[in-house]
Amino acid sequence: MSDNTPHGNVVLVHGGFVDGSGWQGVYDALKADGYNVAIVQNPTLSLEGDVAATRQVIDGMPGPVTLVGHSYGGVVITEAGNHPNVASLVYIAAFAPDKDESVNTLISDPPPGAPVPPILPPNQGYLFLDRDKFAESFAGDLPRAQAEFMADSQVPWGVDALTGAVSQPAWRAKPSWYLVATDDHMIPPPAQLAMSERIGALTVEVAASHSVYVSQPDAVADVIRQAARG
């Protein structure tokens, strides 16, 4: 445990199908080190709305921010990271789009043999993962009961969020870090590596599922600390 002197400000942004509660392990590790930490609860209706929610949280922080995104949260931080108070970006098994790219464009041409996320057909404008396949695809390294809880507490992911395109990629102007989850069955690890290389990120590889931020919070917190230190 450290003293109560803040070591920096961190904002955590969740991805699709889940809410911000999965960040608790990372939150606890960073708070124990003296960081100010806030978690964005994305509405996940549209990219524009999620960026607005994220910017609102950044506005409430007392100084420069390390902005962290998991999965679809990577798209959010790529746009919201243009906020003047954001000092660095951290992608956790996340999409890292370029200008005019969206989740939809990034997943449109998967590499041969890559696992296909079990996304069900849109239902009234929202997407869900097949509950029976959620554990294997999203949370393969979590206890079965925990993965089943996540499957049964899914957040509806708006189709408009999937198609929302980035207008100005913050990683072009700000330093970035990327944690690749090498056992990910949602975003293929080779795609993660390619995105990390494209944005010039400092890259760390961790043997974990797409839920690496839940299963290995200390490893994730370590990458965030590196980014916060610059």
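First things first, this report covers the structure right here in the doc.

Reading the values: rules and limits
- Residues numbered from 1 in each chain as written.
- Predicted model: local features only at pLDDT ≥ 70, side-chain atom pairs only at ≥ 80, totals over all residues.
- Heavy atoms only, no water.
- Pairing = 2+ DSSP bridges.
- Helix = DSSP H or I, 4+ residues; strand = E, 2+ residues; numbered from the N terminus.
- Axes fitted to C-alpha atoms, helices over the stretch in contact; angles between N-to-C directions.
- Contact = heavy atoms within 4.5 Å.
- Expected span 1.5 Å × (residues − 1).
- Buried < 20%, exposed > 50% of the residue type's maximum accessible area, 1.4 Å probe, protein only.
- Arc of directions from axis to C-beta.
- Polar contact = N/O pair within 3.5 Å; in protein donor to acceptor, adjacent residues only side chain to side chain.
- Phe/Tyr/Trp six-rings, centres within 6.5 Å; stacked < 30°, edge-to-face > 60°.
- Salt bridge = Lys/Arg side-chain N within 4 Å of Asp/Glu carboxyl O.

1. Some remarks on the sheet that holds strand S8 (residues 202–206)
Strand order in the open sheet made by the 6 strands is S2-S1-S3-S4-S7-S8, with parallel pairing throughout. The open sheet terminates on both sides in strands that have one partner only, identified here as strand S2 (36–40) and S8. Mean inter-strand twist for the sheet, computed between neighbouring axes without regard to direction, equals 20°. The pairing of strand S4 (residues 86–92) with strand S7 (residues 176–181) spans 4 bridges and is classified as parallel. Following the sheet pairing, Leu89 is matched in S7 by Ser176. Along the sheet face, helix H2 (residues 47–59) touches strand S1 (9–13), S2, strand S3 (65–70) and S4 and points at about 160° away from the line of S2.

2. As for H2
With 13 residues, H2 should cover 18 Å at 1.5 Å per step; its first-to-last C-alpha distance of 18 Å lies within 8% of that length. What H2 keeps buried is the set Leu47, Asp50, Val51, Ala53, Thr54 and Ile58. The buried side chains of H2 occupy one side of the element, clustering within an arc of 160° when seen end-on. Exposed residues lying more than 90 degrees from the buried face of H2 are Glu48, Gln56 and Asp59.

3. Remarks on the side chain of Thr44
Positionally, Thr44 belongs in the loop between S2 and H2. At a separation of 3.1 Å, a polar atom in the side chain of Thr44 contacts the main-chain carbonyl oxygen of Pro156. When sequence neighbours within four positions are dropped, the list of residues in contact with Thr44 reads His14, Gly15, Asp50, Tyr72, Val155, Pro156, Trp157, Gly158 and Ala161.

4. With respect to unusual backbone geometry
Unlike most non-glycine residues, Phe17 shows phi in positive territory, near 75°. Following the sequence through the fold, Phe17 ends up in the loop between S1 and helix H1 (24–32). Overall, the relative accessible area of 2% leaves Phe17 in the buried class. A positive phi angle, close to 55°, is found at Ser71, a residue other than glycine. For Ser71, the position within the fold is in the loop between S3 and helix H3 (73–80).

5. Considerations on the packing of aromatic side chains
Applying the stated criterion across every chain yields a total of 5 aromatic pairs. On the basis of an interplanar angle of 55° and a centroid distance of 5.0 Å, the ring pair of Trp23 and Tyr213 is categorised as tilted. Of the two residues, Trp23 sits in the loop between S1 and H1 while Tyr213 sits in helix H9 (residues 212–215), which places them 190 residues apart along the sequence. A relative accessible area of 0% places Trp23 in the buried class.

6. Some words on the pattern of salt bridges
Under the counting rule described, the total for this entry stands at 6 salt bridges. Taking the shortest distance from any N to any O, the salt bridge between Glu101 and Arg198 comes out at 2.8 Å. One end of the pair, Glu101, is in the loop between S4 and helix H4 (103–106); the other, Arg198, is in helix H8 (residues 189–198), and 97 residues separate them in sequence. What makes Arg198 partly exposed here is its relative accessible area of 36%. Through salt bridges with shared partners, one network takes in Asp33, Asp222 and Arg225.

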